[in-house]
Amino acid sequence: NANALEYQTLFNLRFEADLPPAAAVATGGLFRPGVGVAFTAPTLGPDGVVATPLPGGATGVRLALRGANPASSGFRLELDLPRSETVSLSVRDVTGRRVRELLAGTAGPGALSVRWDGRDSRGAQVASGVYFFRLETESGSRTVKGTLLR
């Protein structure tokens, strides 16, 4: 019930982490009904343990995109804070330039939904492209990526 790696088929696998890259080993598997073969390959990976958000009742700051990605009119972001904290949620372009501040001040605890309508701080529609949503809190920061297609 998984995508099979077939001969002469290229797969591009990626993930994002808030840690710098370091030498790592990736493990994969080749599958055909009745046959399974594992392989390893040298690559770059996060230099340390990557924390994954835990479902319901998890502690820690979480930030997630909800809905379609890519999107054409904007994004809905959900953040979850374990306690009341000073927060800043901003939209940044691929150069790191702040496009718009979505949330600034004290928020939490609990879940909060914020919508970005695809406009910059002046109210102008931004161009198609990749945008980063950066949540900064007293406990740490999280970043998620979204692609806007006009």
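*Asks:* What is the right way to look at the side chain of Ser90 in this model?
*Replies:* Tracing the backbone through its elements, the reader meets Ser90 in strand 5 (residues 85-92). Given a relative accessible area of 1%, Ser90 falls into the buried group. Looking at Ser90, its side chain comes within polar contact range of the side chain of Arg92, at 3.3 Å. Discounting chain neighbours no more than four positions away, the residues touching Ser90 are Arg98, Arg100, Glu101, Leu102, Phe132, Phe133 and Arg134.

*Asks:* I tried to follow the pattern of salt bridges on my own but got confused; where do I start?
*Replies:* Proximity of charged atoms lets side chains of opposite charge pair with each other. Evaluation of the coordinates by the stated rule reveals eight salt bridges. The residue Arg76 makes a salt bridge to Glu78 at a minimum N-O spacing of 2.5 Å. Between Glu136 and Arg92 there is a salt bridge, and its shortest N-O distance comes to 3.9 Å. One end of the pair, Glu136, is in strand 8 (residues 129-137); the other, Arg92, is in strand 5, with 44 residues separating them in the sequence. For Glu136, a relative accessible area of 35% puts it in the partly exposed group.

*Asks:* Help me understand the sheet that holds strand 7 (residues 110-116) in this model?
*Replies:* Strand-to-strand pairing in sheets goes through backbone hydrogen bonds, with the strands running parallel or antiparallel. Taken together, three strands build an open sheet; the order of strands is 3-4-7 and the sheet is antiparallel. This sheet does not close on itself; its edge strands, each paired only once, are strand 3 (62-66) and strand 7. Across the sheet, the mean angle from the axis of one strand to that of its neighbour is 20 degrees, orientation sign disregarded. Bridging between strand 3 and strand 4 (residues 75-81) involves five bridges; their strand directions are antiparallel. Looking across to strand 4, one finds that Ala64 is bridged to Glu78.

What counts and what doesn't
- Residues numbered from 1 in each chain as written.
- Predicted model: local features only at pLDDT ≥ 70, side-chain atom pairs only at ≥ 80, totals over all residues.
- Heavy atoms only, no water.
- Helix = DSSP H or I, 4+ residues; strand = E, 2+ residues; numbered from the N terminus.
- Buried < 20%, exposed > 50% of the residue type's maximum accessible area, 1.4 Å probe, protein only.
- Polar contact = N/O pair within 3.5 Å; in protein donor to acceptor, adjacent residues only side chain to side chain.
- Contact = heavy atoms within 4.5 Å.
- Salt bridge = Lys/Arg side-chain N within 4 Å of Asp/Glu carboxyl O.
- Pairing = 2+ DSSP bridges.
- Axes fitted to C-alpha atoms, helices over the stretch in contact; angles between N-to-C directions.

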